[in-house]
Amino acid sequence: EDNVQRRKRGENEYFSALKQDLLPRATRGPMARMTRREQKVSLAQLLFSEDDGSEDKGPSEVFMDSVGDEEDPAVLKHRKERLSQAQAALRLSLLLREPACTALSLAELCKRRLALSGKMGAPSALRCAEKAIEIAGDGFWDGDEVAIEAEDDPVLDPKYERNATTPGLAHPTTLKLLPLRVSNLCKRSALLQHGNALAAEGKQEEARASYEKVLPLIAGEPRCARVDWERHSVYINIGNTFSRTGDFDLADEQFKIAESLGTDHLNAEEGSKFDGSGMVIGAKRARAFAMKKAGREQEAKDLLKEVIEAQIKLNMEEEAKKKKQQSSQSAATEAVTNGAKP
């Protein structure tokens, strides 16, 4: 899509530079033999790939502060590996001079630092989110100040003088080359993770304000599973900020909105039944946890039992669907193979 837009704008110099290998890319290390395009593919894999063992697999971006000393060593090891992937993505995005990927890498760093360290990692996670918001904005940002976040234990020099000379994704200079939508997509991700970091620090009102800034950015987006999961995450996170401050009624208002997004998919002919069920289950789970916080123990237990049963049923249906698809693919491959024999 990037190349298509560049061709429409007649950016012949870009393609000449690309052909002559003059554009920034890694020239040392394991990626040295890869083309710029291949390195960009690797960057996307670092940012967006998920394996079956990933805790954060799936579209939900709901913050749950569940990190503790009793965590399984294997889980902690996996979280550290996911954090390292985000750090590698940040280094590569800066090297390739891809500001949108830089912002997304910072948002992922925020998310994965919270997953690994919880409240202890909130200050560094918050710093990453704030830098991602700055890159998505209409001002300027400092590449050196961003690069330090790729280190394991970033140490910020208090005497460091900022050199913010790179225009943000919403800056008029950048908008001559990229649509505003790129800025909005990065800003949505950054604001959501910014809210999660604030929630981890116990700043529920500030977290809520950050979440609420996402809603106008997705108001004009079409109703589809991907965007509705984003809406769902925002409403659940807002509800959780109310729950943490002891206001169950206001929390449940948000959970009901989130649940209705899933119900819409279940009721609509063109809706995604799997995603709709997942959204309904997610909203009910959040309501159950909020009930427990509000002292409604038995109601919480009953609802959580319903949630677990629904999740097991959904997982079984999805597994059966996958097996059926694999069986169909195997049969089609066998038919082609047999048909090719003399």
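No experiment lies behind these values; they were computed from the predicted model shown.

Calculation rules
Residues numbered from 1 in each chain as written. Predicted model: local features only at pLDDT ≥ 70, side-chain atom pairs only at ≥ 80, totals over all residues. Heavy atoms only, no water. Salt bridge = Lys/Arg side-chain N within 4 Å of Asp/Glu carboxyl O. Helix = DSSP H or I, 4+ residues; strand = E, 2+ residues; numbered from the N terminus. Buried < 20%, exposed > 50% of the residue type's maximum accessible area, 1.4 Å probe, protein only. Core = buried A, V, L, I, M, F, W, Y, C linked by side-chain atoms within 4.5 Å. Contact = heavy atoms within 4.5 Å. Axes fitted to C-alpha atoms, helices over the stretch in contact; angles between N-to-C directions. Parallel < 35°, antiparallel > 145°, perpendicular 65-115°, else oblique. Left-handed = near helix turned anticlockwise from the far one by under 90°. Nonpolar A, V, L, I, M, F, W, Y, C, P; charged D, E, K, R; others polar. Expected span 1.5 Å × (residues − 1).

The next point concerns the pattern of salt bridges. A full pass over the atoms with the stated rule returns 21 salt bridges. For E134, the salt bridge goes to R162, with nearest N and O atoms at 3.0 Å. One end of the pair, E134, is in helix α6 (residues 122-136); the other, R162, is in the loop between α7 (143-147) and β2 (166-167), with 28 residues separating them in the sequence. As a salt-bridge pair, E259 and R287 come within 3.1 Å of each other at their nearest N and O atoms. Residue E259 is found in helix α13 (residues 248-267), and its partner R287 is found in helix α14 (residues 273-293); the two are separated by 28 residues along the sequence. Accessibility expressed as a relative area gives 18% for E259, which makes it buried. Residue R287 is classed as buried on the basis of its relative accessible area, which comes to 10%. Residues joined in a network through salt bridges with shared partners are R113, R127, K131 and E149.

All right, on to the nonpolar core then. Core analysis: the largest hydrophobic core is formed by 54 residues, its most contacted members being L106, L109, C110, L114, I135 and Y211. Aside from chain neighbours lying at most four places away, what touches C110 is A125, C128, A129, Q193 and A197. One finds A26, M31, L43 and L92 within the second-largest nonpolar core, a separate group that totals 7 residues.

Our next topic: the packing of helix α9 (residues 180-200) against helix α12 (residues 225-244). With their axes 11 Å apart at the nearest point, α9 and α12 run at an angle of 25° to one another. Considering their axes alone, α9 and α12 lie roughly parallel with respect to each other. The hand of the α9/α12 crossing is left-handed. Mapping the contact onto sequence places R181, R188, L192, N196 and A199 in α9 and R226, E230, S233, V234, N237 and R244 in α12. A breakdown of the residues in the contact of α9 with α12 according to their chemical character gives 3 nonpolar, 3 polar and 5 charged.

Moving on: the environment of L191. Relative to the helices and strands, L191 is located in helix α9. On the basis of relative accessibility, which here comes to 8%, the residue L191 falls in the buried class. Sequence separation between L191 and Y211 is 20 residues; the distance between their C-alpha atoms is 6.4 Å. Look past the residues within four positions of L191 in its chain and what remains in contact with it is I133, S210, K213, V214 and L217.

With that out of the way, let us pick up α12. In this model α12 runs 28 Å from its N-terminal to its C-terminal C-alpha over 20 residues, within 8% of the 28 Å that 1.5 Å per residue would give. For α12, the tally of buried residues reaches 18 of 20 residues, placing the bulk of the element in the interior. Positioned one or two residues after α12, G246 has a phi angle of 85°, which is positive.

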